[in-house]
Amino acid sequence: MQRHCLTIRLLLFGPALLALCAATQAQKHPPLKPIDLNVANVKELQELPGVGPATAQRIIDMRQKSGRFKRVEDLLAVRGISQKKLDAMRPYISVTAPPPSGPPVLKSGPPAKK
């Protein structure tokens, strides 16, 4: 009788335990350092909480269409990113300034000897 009860318990709780283990393995771990929205690729963007393949591609598309992100809040213009989702992502994202575009500044050398 006890063996029969054990079998029934395993049949009932076994799948639940497996599902719990699978869900734990499938959870994303946020990036260790902030991801720069202006240089990140699709794979890197998918590390962010709440960002899957479609949202990551929309972020890339927005960057290509509108140019560099100037601030983190610019993500609110991307379809699928709400204020709540942005708040969850905020600790893991950054926006860098564009590289200087002007001509390099030439330093003057020592005066010429006569």
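Residues numbered from 1 in each chain as written. Predicted model: local features only at pLDDT ≥ 70, side-chain atom pairs only at ≥ 80, totals over all residues. Heavy atoms only, no water.

Colleague: I'm lost on the overall build of the protein in this one. Help?
Modeller: Check the secondary structure of the protein and you find four helices and two strands. The linear arrangement of helices and strands in the protein, starting from the amino end, is α-β-α-α-α-β. By residue count, 20% of the 114 residues in the protein fall in the buried class. The long-range share in the protein, meaning contacts at least 24 apart out of those at least 6 apart in sequence, stands at 44%. (Helix = DSSP H or I, 4+ residues; strand = E, 2+ residues; numbered from the N terminus. Buried < 20%, exposed > 50% of the residue type's maximum accessible area, 1.4 Å probe, protein only. Contact = heavy atoms within 4.5 Å.)

Colleague: What's the story with the side chain of Asp 36 in this structure? I'm lost.
Modeller: Structurally, Asp 36 is set in strand S1 (residues 35-36). At a separation of 2.6 Å, a polar atom in the side chain of Asp 36 contacts the side chain of Thr 96. In this structure Asp 36 touches Ser 94, Val 95 and Thr 96, once residues within four positions along its chain are discounted. (Polar contact = N/O pair within 3.5 Å; in protein donor to acceptor, adjacent residues only side chain to side chain.)

Colleague: What exactly am I supposed to notice about the pattern of salt bridges here?
Modeller: Any two side chains of opposite charge can pair, so long as their charged atoms come close to each other. Evaluation of the coordinates by the stated rule reveals four salt bridges. Ionic pairing is found between Glu 73 and Arg 90, a salt bridge with its closest N-O pair at 2.8 Å. Of this pair, Glu 73 sits in the loop between helix H3 (53-66) and helix H4 (83-89) while Arg 90 sits in the loop between H4 and strand S2 (93-94), placing them 17 residues apart in sequence. You can call Glu 73 partly exposed: its relative accessible area is 27%. A salt bridge links Asp 87 to Arg 90; its shortest N-O distance comes to 3.9 Å. (Salt bridge = Lys/Arg side-chain N within 4 Å of Asp/Glu carboxyl O.)

Colleague: What am I meant to see in the confidence of the model for the protein here?
Modeller: Caution is warranted with low-pLDDT regions, since their predicted coordinates should not be read in detail. Across the protein, pLDDT averages 81, with 65% of residues at or above 70. Contacts for the low-pLDDT stretch residues 17-25, under 50 throughout, to residues beyond four places or in other chains number zero contacts. (pLDDT = per-residue confidence, 0-100.)

Colleague: Help me out: how do you make sense of the nonpolar core in this one?
Modeller: The biggest cluster of nonpolar side chains holds 18 residues, and the ones touching the most others in it are Leu 45, Leu 48, Ile 59, Leu 75, Ile 81, Met 89 and Ile 93. When contributions to this core are tallied by element, the ones reaching two or more residues are H3 and H4. Those residues in contact with Leu 45 that lie beyond four places of it in its chain are Ile 35, Leu 37, Ala 40, Val 51, Ala 56, Ile 59 and Ile 60. (Core = buried A, V, L, I, M, F, W, Y, C linked by side-chain atoms within 4.5 Å.)

Colleague: Can you walk me through H3 in this structure?
Modeller: Here H3 spans 20 Å end to end across 14 residues, near enough to the 20 Å set by a 1.5 Å rise per residue. All of the buried residues in H3 are Thr 55, Ala 56, Ile 59, Ile 60, Met 62 and Arg 63. The buried residues of H3 occupy an angular sector of 155° when the element is viewed end-on, so they sit on one face. In this structure, H3 carries Pro 53, Gln 64 and Lys 65 as exposed residues pointing more than 90 degrees from its buried face. Of the surrounding secondary structure, the elements contacted by the buried residues of H3 are helix H2 (42-45). (Expected span 1.5 Å × (residues − 1). Arc of directions from axis to C-beta.)

Colleague: What's the story with the environment of Pro 31 in this structure? I'm lost.
Modeller: Within the fold, Pro 31 resides in the loop between helix H1 (2-26) and S1. Overall, Pro 31 belongs to the buried group, its relative accessible area being 10%. For Pro 31, the contacting residues outside a window of four places in its chain are Glu 47, Leu 48 and Tyr 92.

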